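In case you want the letters, here they are:
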Amino acid sequence: MRTYMQDVTIKRKTGVPMVGRGPYGMGRNSVSGNVATVFGCTGFLGRYLVSKLAKRGVQVVVPYRDEDEKRHLRVLGDLGQIVPLEWDLRNDQQIEECLRHSDIVYNLTGRNYETKNFTFQDVHVEGARRIAEIAQASGVARFVQVSHLSADLNSPSGFLRTKAQGDQAVRRAFEGATIVRPASMYGHEDPWPITFKLNNGETKLAPVHSLDVAQALSLIGVLDAEAMGQTYVLPGPKTYTLRELLQLTEDITYRNLISPDINVPKWLFSMTAGLGEKIAWWPMFNKDEVIRRFIDENPEVPEGCKSWADLGIEPDVLEDRAIMYLRRFRSHLSYEQPMSNAHSGAVKLKKEPFRVIE
Ligand SMILES: NC(=O)c1ccc[n+]([C@@H]2O[C@H](COP(=O)([O-])OP(=O)(O)OC[C@H]3O[C@@H](n4cnc5c(N)ncnc54)[C@H](OP(=O)(O)O)[C@@H]3O)[C@@H](O)[C@H]2O)c1
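Everything numeric in this text was worked out from a predicted model, so none of it was measured.

Cut-offs applied
Residue numbers run consecutively from 1 along every chain, following the written order of its sequence. At least 70 in pLDDT is required for a residue's local features to be given in this predicted model, at least 80 for side-chain atom pairs to be given and counted, and no such filter applies to totals for whole chains, interfaces and linings, which use all residues. Remark: hydrogens and water are excluded; side-chain values derive from all non-hydrogen atoms of the structure. Working definition: helices are DSSP H or I runs of at least four residues, strands are E runs of at least two. Numbering for both runs from the N terminus. We call two residues contacting when some pair of their heavy atoms lies within 4.5 Å. Note on areas: Shrake-Rupley, 1.4 Å probe, and residue coverage restricted to the protein chains presented here. For helices, the axis comes from a line fit to the C-alpha atoms of the stretch in contact; other axes are also lines fit to C-alpha atoms, and the angle between any two N-to-C directions lies between 0 and 180 degrees. For classification purposes, angles smaller than 35 degrees are called roughly parallel, those larger than 145 roughly antiparallel, those between 65 and 115 roughly perpendicular, and all remaining angles oblique. Handedness of each helix crossing follows the sense of rotation of the near helix against the far helix: counterclockwise by less than a right angle gives left-handed, clockwise gives right-handed. Under the convention adopted here, Pro, Cys and the residues Ala, Val, Leu, Ile, Met, Phe, Trp and Tyr are nonpolar, Asp, Glu, Lys and Arg are charged, and Gly plus all remaining residues are polar. Aromatic rings from Phe, Tyr and Trp, with only the six-membered ring used for Trp, were paired whenever their centres fell within 6.5 Å, and each pair was classed as stacked if the ring planes differed by under 30 degrees, edge-to-face if by over 60, and tilted otherwise. For every residue, the accessible area obtained with a 1.4 Å probe (protein chains only) is divided by the maximum for its type, and the residue is called buried under 20%, exposed over 50%, and partly exposed between those limits. Whether a charge sits over a ring comes down to the Lys NZ or Arg CZ being within 6 Å of the ring centre and within 35 degrees of the ring normal. Among the buried residues, those of types Ala, Val, Leu, Ile, Met, Phe, Trp, Tyr and Cys that are joined through side-chain atoms within 4.5 Å form a nonpolar core. To be near a molecule or strand, a residue needs just one of its heavy atoms within 4 Å of it. Throughout this description, a polar contact denotes any pair of N or O atoms lying within 3.5 Å of each other; where both atoms belong to protein, one of them has to be capable of donating a hydrogen while the other can accept it, and for residues adjacent in sequence the pair is counted only when both atoms sit in side chains. Two strands pair if DSSP finds at least two bridges between them. Consider the strands pointing away from the viewer: the crossover is right-handed when the path from the first strand over the helix to the second runs clockwise. Patch building starts from residues that exceed 30% relative accessible area and form no salt bridge, then joins like charges within 9 Å and nonpolar side chains (Val, Leu, Ile, Met, Phe, Trp, Tyr) within 5 Å. A side-chain nitrogen of Lys or Arg and a carboxyl oxygen of Asp or Glu constitute a salt bridge if their distance falls within 4 Å.

Moving on, we come to the overall build of the protein. Helix and strand counts for the protein come out as 12 helices and 13 strands. Put simply, 72% of the contacts in the protein that link residues at least 6 apart link residues at least 24 apart. As displayed, the protein offers around 18,100 Å² of accessible surface, 52% of which is attributable to carbon and sulfur atoms.

This is how it looks when you write it as structure tokens:
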């Protein structure tokens, strides 16, 4: 295949030429010339980002800790386009090996509970700083750090506080790093919601579709000057209280979720979660999560930050997508509805469907 001048792109920061082949961005068998490393690719958001990048013709390095956690990623790109490499967050040499050939580095590593090996500080601050410093020293052109919409240096939640500290650490370590702050995400990996409520279900969330966030990240990585040093705030288009979200789940699945109406007091749940953290060796609802359940997500985009419109993306409205993810949880009562309701996600049935039909 012949290579033309338009197939060559010179990276602004490093001056490294990239040679593309095939119809760039037109599918998994195109080659854009970009190489990206996605730390945290084995999680919920990671798989969608790897898929979106591979579809743009980007070769993706997928660092993994557990052999089985990266298997599903291999099929997301063409032969040789997905490159798994083992890594450890505390091993500088492995991190350097993972990003040695990359011009874009994403850091998605994050954990919403602490373990005996890794605290929030270790993962969100020290880990992020280490990856950013090594990326800077290796001449990587673009660094994208995934934070959280509610990240705040003064937050009562350790998770959200360290997320904000991590953003600062990355900004100091990598010149021109881009920070992305998505709201709570929804998608296929979401479990069945817990049936009791905290804060009377009044906590506000601005849920955002995981595929939209992945699409935004894949664009931000390949944008050069426009995205460098910017903060992208990515809330969902509508805000709901937790009670409204549970009601919507009830309406679509024909299952009774919020009756009996149990509101667990904060002190009681915090005490139980604290006890669980000490006794259980598997991840459970933890004390920090109880604190987060009382923090509203603010969908306003602060001045000077960018958002969906700057990327040309119109984010999905939850009601339009919910059926995709809730269909598998539907009760048999869905079969007794008229056909017009049976495949619709936007049914509003209040308490009606919970009657057992004789
Ligand atoms: N999910 C949401 O609603 C949401 C909302 C806003 C922001 N975010 C942020 O978006 C990012 C991705 O979220 P997610 O939902 O995809 O998270 P996730 O499913 O929990 O995945 C987290 C990823 O981080 C890696 N990781 C965690 N601790 C690590 C450690 N000590 N060493 C090495 N790797 C480690 C995990 O690797 P292993 O598979 O090896 O454990 C996994 O790949 C996170 O930074 C999260 O804070 C998430």
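As a further point, take unusual backbone geometry. Located in the positive-phi region is asparagine 199, a residue other than glycine, with phi close to 55 degrees. Its location among the elements puts asparagine 199 in the loop between β9 (185-186) and β10 (204-205).

Put simply, helix α4 (residues 120-137) and helix α5 (residues 158-173) touch, their axes get as near as 8 Å, and they point 15 degrees apart. As summarised for this structure, α4 and α5 are arranged roughly parallel, according to the angle between their axes. The chirality of how α4 crosses α5 is right-handed. Here Phe120, Gln121, His124, Val125, Ala128, Arg129, Ala132, Glu133 and Gln136 of α4 come into contact with α5, specifically with Gly158, Phe159, Thr162, Lys163, Gln165, Gly166, Ala169, Val170 and Ala173. Within the contact of α4 with α5, the residues separate by chemical class into 8 nonpolar, 7 polar and 3 charged.

To continue, consider the packing of aromatic side chains. Each pair of aromatic rings is reported with the distance of its centres and the angle of its planes. Scanning the model with the defined rule gives 8 aromatic pairs in all. A centroid spacing of 4.8 Å and a plane angle of 50 degrees characterise the contact between phenylalanine 39 and tryptophan 87, whose relative ring orientation is tilted. Within this pair, whereas phenylalanine 39 is found in strand β3 (residues 35-39), its partner tryptophan 87 is found in the loop between β5 (82-86) and α3 (92-99), the two being separated by 48 residues in sequence. Among the residues examined, tryptophan 87 registers a relative accessible area of 8% and is labelled buried. Positioned above the aromatic ring of tyrosine 64 is the side chain of lysine 70, whose terminal nitrogen or guanidinium carbon lies 4.8 Å from the ring centre. Arginine 292 extends its terminal NZ or CZ atom over the ring of phenylalanine 159, reaching a point 4.5 Å from the ring centre.

Further remarks concern the nonpolar core. Counting residues in hydrophobic clusters, the biggest one holds 38 residues, and the most contacted among them are Val38, Val50, Leu53, Tyr106 and Leu217. Going through the elements one at a time, β3, α1 (44-55), β4 (59-64), β6 (104-107), β7 (142-146), α6 (210-222), β12 (231-234) and α10 (308-311) are the ones with two or more residues in this core. Once residues lying within four places of it in the same chain are set aside, the contact partners of tyrosine 106 are Ala36, Thr37, Val38, Phe39, Leu49, Leu53, Val144, Leu217, Ser218 and Gly221. Counting residues in hydrophobic clusters, the runner-up holds 21 residues, among them Phe39, Leu89, Leu99 and Ala132.

In this section: the site of the ligand. The local shell around the ligand holds 24 residues, among which Thr42, Leu45, Arg65, Lys163 and Met185 are the closest. A distance of 2.9 Å separates an oxygen atom of the ligand from a polar backbone atom of phenylalanine 44. Within the side chain of arginine 111, an N or O atom sits 3.1 Å from an oxygen atom of the ligand. Computed on the free molecule, the ligand has an accessible area of 890 Å², of which 86% lies beneath the protein chains in the complex.

In terms of burial, strand β8 (residues 178-182) is largely enclosed, as 4 of its 5 residues are buried. The sheet contact formed by β7 and β8 spans 3 bridges and is parallel. Bridge assignment links glutamine 145 to a residue of β8, and that residue is isoleucine 179. Taken together, β7, α5 and β8 form a β-α-β motif whose crossover is right-handed. In this structure, β8 lies alongside β12, joined through 4 bridges in parallel fashion. Considered in β12, the bridge of isoleucine 179 is made with threonine 231.

Turning next to the sheet that holds β8. Strand order in this open sheet of 7 strands is β5-β4-β3-β6-β7-β8-β12, and the pairing throughout is parallel. The sheet is open, and its two borders are formed by β5 and β12, each paired with just one other strand. On average, adjacent strands in this sheet sit at an angle of 20 degrees to one another, irrespective of strand direction. Where β6 meets β7, 4 bridges bridge the pair, whose relative direction is parallel. By the bridge assignment for β7, isoleucine 104 is matched with arginine 142. Against the sheet, α3 touches β3, β4, β5 and β6, its axis set at about 145 degrees to β3. α4 rests against β3, β6 and β7 of the sheet, and its axis sits at about 170 degrees to β7.

Looking now at a nonpolar patch on the surface. A surface patch of nonpolar side chains, about 230 Å² in accessible area, is lined by Val8, Ile10 and Val19. For valine 8, the position within the fold is in strand β1 (residues 8-10). With a relative accessible area of 32%, valine 8 lands in the partly exposed category.

Looking now at the pattern of salt bridges. In the structure shown here, the tally under the stated rule is 14 salt bridges. For glutamate 133, the salt bridge is made with arginine 129, and the minimal N-O distance between the two is 3.0 Å. Within this pair, glutamate 133 and its partner arginine 129 are both found in helix α4, separated by 4 residues, close to a single helical turn. As a salt-bridge pair, glutamate 202 and arginine 243 come within 3.9 Å of each other at their nearest N and O atoms. A residue pair is termed long-range when its members are at least 10 positions apart, and glutamate 202 in the loop between β9 and β10 and arginine 243 in helix α7 (residues 242-253) qualify at 41 residues. Overall, the relative accessible area of 41% leaves glutamate 202 in the partly exposed class. Residue classification places arginine 243 among the partly exposed positions, given a relative accessible area of 29%. If you follow the salt bridges from partner to partner, you end up with Glu126, Arg129 and Glu133 in one network.

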